[in-house]
Amino acid sequence: GAALVVARQRETQAMNGIAKYSPANDDGDNILQLKEKLASTEDEIEVQKVQIINEIQKAEALQKELKDIYQERTQEMSASLSREKIYDQRVADLNGKVSQLESRLRNLVHSDDDNEVSSENPTILHFQEKEKEYQKQISSLTDDLLKQRGRLENASTEVLTLRNRLRTALTRAENSEKEA
């Protein structure tokens, strides 16, 4: 008798479970879940598209900035090279003048009738002053030339650094595009 009661209870429970289960209900839930997943996936795709667009814009901005900086540095290097050539020419001219003055001074010293050179001789003093002046100019131009070379080296280093940054940004943008 007890087994019969237990069997009937199981049968009743099974029937209640079947009554609760309805294929129409199950299909509706599945469709609703699929719609929610689809909407969620579409939102994720939109977010990824926005991120890709942002990365592309960043890459383009960095590329433009690098191009501008590269042009500035190129102009600066060109101007620096021009100044360096001018300084080199001035140094060469001043060295030539110093050589001429030294030669004149030697000729004056040798041509002096008494073979005595007075430190008070106005011509010699004038040449000595000119020589000192030219030596100062040569020294100043040499210093300027060395500074310009240092700036040129720094500018070249900066350009290389910016190129590497651009490559990195472009690689990130490409990776973002590939991931999408």
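Our structure's up above, just so we're on the same page.
Quick look at the structure, then. For clarity, every value in this text was computed on a predicted model and none was experimentally measured.

Next up on the list: the overall build of the protein. Helix and strand counts for the protein stand at three helices and zero strands. Relative to its 180 residues, the protein shows a buried fraction of 16%. Across the protein, every contact between residues at least 6 apart in sequence was considered, and the portion connecting residues at least 24 apart equals 86%. Total accessible area on the protein stands at roughly 14,300 Å², and carbon and sulfur atoms take up 50% of it.

This paragraph deals with the nonpolar core. Counting residues in hydrophobic clusters, the biggest one holds twelve residues: Tyr 87, Val 91, Leu 94, Val 98, Leu 101, Leu 105, Ile 124, Phe 127, Tyr 134, Ile 138, Leu 141 and Leu 145. Elements with a minimum of two residues in this core: helix H2 (23–111) and helix H3 (122–179). Not counting the four nearest positions on each side in its chain, Leu 105 is found in contact with Ile 124 and Phe 127.

Let us now look at the side chain of Gln 148. The residue Gln 148 is located in helix H3 in this model. Once you skip the residues sitting within four places of it in the chain, Gln 148 turns out to touch Ser 80, Arg 83 and Tyr 87.

What follows deals with the side chain of Arg 73. Relative to the elements of secondary structure, Arg 73 occurs in helix H2. Ignoring any residue separated from it by four or fewer positions in sequence, one finds Arg 73 in contact with Ala 155, Glu 158 and Val 159.

Before going further, it helps to examine the pattern of salt bridges. Under the defined criterion, the tally for this structure stands at six salt bridges. Between Glu 84 and Arg 149 there is a salt bridge, and its shortest N-O distance comes to 3.1 Å. Here Glu 84, found in helix H2, pairs with Arg 149, found in helix H3; they are 65 residues apart in sequence, far enough to count as distant.

Criteria and cut-off values
Residue indices begin from 1 for each chain and proceed along its sequence in written order. The predicted nature of this model means local features are confined to residues of pLDDT at least 70 and side-chain atom pairs, given and counted, to a pLDDT of 80 or more, with totals for whole chains, interfaces and linings taken over all residues. As a rule here, side-chain values come from all non-hydrogen atoms in the structure, and water together with hydrogens is ignored. Secondary structure follows DSSP: runs of H or I at least 4 residues long count as helices, runs of E at least 2 residues long count as strands, and numbering of each begins at the N terminus. Buried, partly exposed and exposed residues are distinguished by accessible area as a fraction of the type maximum, computed with a 1.4 Å probe on protein chains only: under 20%, between the cut-offs, and over 50%, respectively. Any two residues whose heavy atoms approach within 4.5 Å at even a single point are treated as in contact. Per-residue and other accessible areas follow the Shrake-Rupley method at a 1.4 Å probe size, with only the shown protein chains counted as cover for residues. We define the nonpolar core as a collection of buried residues of types Ala, Val, Leu, Ile, Met, Phe, Trp, Tyr and Cys that are connected through side-chain atoms lying within 4.5 Å of one another. We define a salt bridge as a contact between a side-chain nitrogen of Lys or Arg and a carboxyl oxygen of Asp or Glu at a distance within 4 Å.

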